[in-house]
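So you can see what is in the structure, the chains are spelled out below.
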Amino acid sequence: MDNIILIGMPGSGKSTVGVVLAKALGLRFLDVDLLIQEREGALLQRLIDSQGVERFLDLERDAICALDCQGTVIAPGGSCVCREESIAHMRRLGTVVYLKLSLEEVAGRIHNLASRGIALSPGQTLADVYQYRAPLYERCAHIAVPCGSQSLAGTVDSVKRALAADKGQSEQR
């Protein structure tokens, strides 16, 4: 099986769903945020605070574009769609699945905005980030899976069904 790349806003469940999905499908799991922290020797928020959002987005792009794997569920950071090179590489790596939430659902899940490691420019709100990124997620994704009111198990099942349906459609083409 190809890679599965989970994208979406912070709080959409990319890492949590990714781990459970990988176990359910017998795949490996890779969290790009953890990879960046390991490479840079610092937490994401510290990198954003010390180097700025644009430099952080470049670090994220470099980490994503360096990925070369098979049979892996990949959870990049929420800002993965902010660089065209990242989008192109993720789409080449495998099936990109957008874990779709409303702004209200995202806001209800994020309680540590200032320390979570979210690429926010000074003065930017969560609503600003959502408005900017949502169309990028839609454009990048092969599949969008609404997941706001579902349990973790429900979201994993929805992703599995969407992947199976997408595979069936691909085979018919």
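So, how was this worked out
- Residues numbered from 1 in each chain as written.
- Predicted model: local features only at pLDDT ≥ 70, side-chain atom pairs only at ≥ 80, totals over all residues.
- Heavy atoms only, no water.
- Helix = DSSP H or I, 4+ residues; strand = E, 2+ residues; numbered from the N terminus.
- Contact = heavy atoms within 4.5 Å.
- Pairing = 2+ DSSP bridges.
- Axes fitted to C-alpha atoms, helices over the stretch in contact; angles between N-to-C directions.
- Core = buried A, V, L, I, M, F, W, Y, C linked by side-chain atoms within 4.5 Å.
- Buried < 20%, exposed > 50% of the residue type's maximum accessible area, 1.4 Å probe, protein only.
- Salt bridge = Lys/Arg side-chain N within 4 Å of Asp/Glu carboxyl O.

Caption draft 1: The environment of Ala 141, seen in detail. Summarising the element assignment, Ala 141 is placed in the loop between helix 7 (126-140) and strand 5 (143-146). Ala 141 sits 45 residues away from Val 96 along the chain, and the two C-alpha atoms are 4.8 Å apart. Those residues in contact with Ala 141 that lie beyond four places of it in its chain are Ile 7, Arg 91, Val 96 and Tyr 98.

Caption draft 2: Quick peek at the sheet that holds strand 4 (residues 94-100). Strand order in the open sheet formed by five strands is 2-3-1-4-5, with parallel pairing between adjacent strands. If you trace the sheet from one side to the other, it starts and ends with strand 2 (28-31) and strand 5, each paired once. On average, adjacent strands in this sheet sit at an angle of 25° to one another, irrespective of strand direction. As judged from the four bridges shared by strand 4 and strand 5, these two strands associate in the parallel manner. When the bridges of strand 5 are listed, Val 97 appears paired with Ile 143. Taken strand by strand, helix 2 (residues 32-40) contacts strand 2 and strand 3 (72-75), and its axis lies near 60° from that of strand 2.

Caption draft 3: How the structure looks around the nonpolar core. Ranked by size, the top nonpolar core spans 54 residues in total, and within it Ile 4, Leu 6, Ile 7, Phe 56, Val 81, Met 90 and Val 97 carry the most contacts. Take this core: its biggest share by element is seven residues, from helix 7. Those residues within four positions of Leu 6 in sequence are excluded, and the remaining contacts are Lys 14, Val 17, Gly 18, Leu 21, Val 73, Ile 74, Ala 75, Pro 76, Val 97 and Leu 99.

Caption draft 4: Representation of the pairing of strand 4 within the structure. For strand 4, a buried count of six out of seven residues is recorded, marking the element as mostly surrounded by other parts of the structure. Looking at chain direction, strand 1 (residues 3-7) and strand 4 are connected through five bridges and run parallel. Residue pairing in the sheet places Ile 7 in a bridge with Tyr 98 of strand 4.

Caption draft 5: Spotlight on the pattern of salt bridges. Inspection of the entire model under this criterion finds six salt bridges. A salt bridge links Arg 61 to Asp 58, with the nearest nitrogen and oxygen atoms 3.3 Å apart. In this pair, Arg 61 and Asp 58 both sit in helix 4 (residues 53-65), three residues apart, roughly one turn of the helix. The salt bridge involving Glu 84 is made with Arg 139; its shortest N-O contact spans 2.7 Å.

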